[in-house]
Amino acid sequence: MNVRPIEARDQAPLSAMLRQIEQFKPEEVAVAEELIEASIRDPQGSGYECLVAEDPGVVGYICFGLTPMTESTYDLYWIAVHPAVQGRGVGKALYGAFAEQLRKRGSAQVRIETSSKESYAATGGFYERLGFSVDGKLRDFYAPGDDLLIFYRKI
Ligand SMILES: CC(C)(COP(=O)(O)OP(=O)(O)OC[C@H]1O[C@@H](n2cnc3c(N)ncnc32)[C@H](O)[C@@H]1OP(=O)(O)O)[C@@H](O)C(=O)NCCC(=O)NCCS
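In what follows, the accompanying structure is described. Keep in mind that what you see is a predicted model, and the values were worked out from it rather than measured.

Calculation notes
- Residues numbered from 1 in each chain as written.
- Predicted model: local features only at pLDDT ≥ 70, side-chain atom pairs only at ≥ 80, totals over all residues.
- Heavy atoms only, no water.
- Helix = DSSP H or I, 4+ residues; strand = E, 2+ residues; numbered from the N terminus.
- Patch = residues over 30% accessible without salt bridge, like charges linked within 9 Å, V, L, I, M, F, W, Y side chains within 5 Å.
- Areas by Shrake-Rupley, 256 points an atom, 1.4 Å probe, with all protein chains shown as cover.
- Salt bridge = Lys/Arg side-chain N within 4 Å of Asp/Glu carboxyl O.
- Core = buried A, V, L, I, M, F, W, Y, C linked by side-chain atoms within 4.5 Å.
- Buried < 20%, exposed > 50% of the residue type's maximum accessible area, 1.4 Å probe, protein only.
- Contact = heavy atoms within 4.5 Å.
- Pairing = 2+ DSSP bridges.
- Axes fitted to C-alpha atoms, helices over the stretch in contact; angles between N-to-C directions.
- Near = heavy atom within 4 Å.
- Polar contact = N/O pair within 3.5 Å; in protein donor to acceptor, adjacent residues only side chain to side chain.
- 1 Å grid on protein atoms, 1.4 Å probe; cavity = no way out; pocket = protein on both sides within 12 Å on 5 of 7 lines; lining within 4 Å.
- Sits in = over half its atoms within 2 Å of the grid points.
- Nonpolar A, V, L, I, M, F, W, Y, C, P; charged D, E, K, R; others polar.

### Quick notes on unusual backbone geometry
Residue Pro56 is reached from Asp55 by a cis peptide bond, and omega for that bond is -10°. With respect to the helices, strands and loops of the structure, Pro56 is situated in the loop between β2 (49-54) and β3 (58-66).

### Observations concerning a nonpolar patch on the surface
A surface patch of nonpolar side chains, about 300 Å² in accessible area, is lined by Leu138, Phe141 and Tyr142. Within the secondary structure, Leu138 is located in strand β6 (residues 133-143).

### Describing the nonpolar core
Core analysis: the largest hydrophobic core is formed by 23 residues, its most contacted members being Ile62, Leu76, Tyr95, Phe98, Val110 and Phe132. Of all the secondary structure elements, the ones that give two or more residues to this core are β2, β3, β4 (73-81), α3 (90-105), β5 (109-115) and β7 (146-154). Broken down by element, the residue count for this core peaks at six residues, all from α3. Discounting chain neighbours no more than four positions away, the residues touching Ile62 are Glu49, Cys50, Leu51, Leu76, Trp78, Ile79, Leu94, Tyr95 and Phe98. Counting residues in hydrophobic clusters, the runner-up holds 17 residues, among them Ile21, Val29, Ile36 and Val58.

### Considering the sheet that holds strand β1 (residues 2-5)
With mixed pairing, the seven strands of this open sheet are ordered in space as β1-β2-β3-β4-β5-β7-β6. Taken across any chain shown, the strands that pair with only one partner, and hence form the sheet edges, are β1 and β6. Across the sheet, the mean angle separating the axes of adjacent strands is 25° when strand polarity is ignored. One ladder, built from three bridges, connects β4 with β5; its direction is parallel. Looking across to β5, one finds that Tyr74 is bridged to Val110. Here helix α1 (residues 11-19) sits on the sheet and contacts β2, β3 and β4; the angle it forms with β3, its principal contact strand, is near 100°. Those strands touched by α3 are β1, β2, β3, β4, β5 and β7, and its axis lies near 160° from that of β4.

### Some remarks on the site of the ligand
For the ligand, the set of nearby residues contains 20 residues, the closest of which are Gly87, Gly89, Lys92, Ala122 and Arg129. Here an oxygen atom of the ligand and a backbone polar atom of Gly87 are 2.7 Å apart. The backbone of Val90 places a nitrogen or oxygen atom 3.5 Å from an oxygen atom of the ligand. Out of a free accessible area of 930 Å², the ligand has 74% covered by protein chains. In this structure, the ligand is accommodated by the largest pocket. Counting only elements with at least two residues in the shell around the ligand, the list comes to β4, α3 and α4 (116-129). By residue number, the principal contributor to the shell around the ligand is α4, which donates six residues. The residue makeup of the shell around the ligand, split by class, is 10 nonpolar, seven polar and three charged.

This is how it looks when you write it as structure tokens:
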């Protein structure tokens, strides 16, 4: 498996992959696609960057960006792996390549905002395996009983 910066040719396979991930609602897919498009169109100025995993076709991606008004904190906006290969280390490899880039840039922190419902369903365990902990919680932020969780870690 190879992890590399996104290219324009990745846009269509990533859109197709996002539609196969049952955890994502259509409106979430639309936002994910906007960020992918922005990262391809203007990797320097848009505030969004993506790395893609290929094996040999596209099997996942990670989308991140320097958090506005911070010196060295990055937001991890999106990470997704094709359902056919989830649980085989692709997510970990994507995160590893992202963390490596941040180390080279001298960046120090990563923040992930997610809903508590989504977190309990799947992703919280994954983020904790990567060394994140829940450092913030806004109750009922998304809906009654659905909190905003802020996962955070130092690089
Ligand atoms: C969450 C996701 C990105 C993880 O990628 P993945 O390739 O399936 O995960 P990996 O195989 O790299 O797993 C890495 C580690 O996390 C653990 N892990 C993965 N998913 C987990 C889960 N749901 N609960 C607990 N641990 C989990 C693995 O056991 C592994 O642990 P290890 O280091 O001890 O071996 C992927 O499953 C996915 O795309 N899910 C749907 C989309 C989504 O919810 N994205 C996040 C919100 S944007």
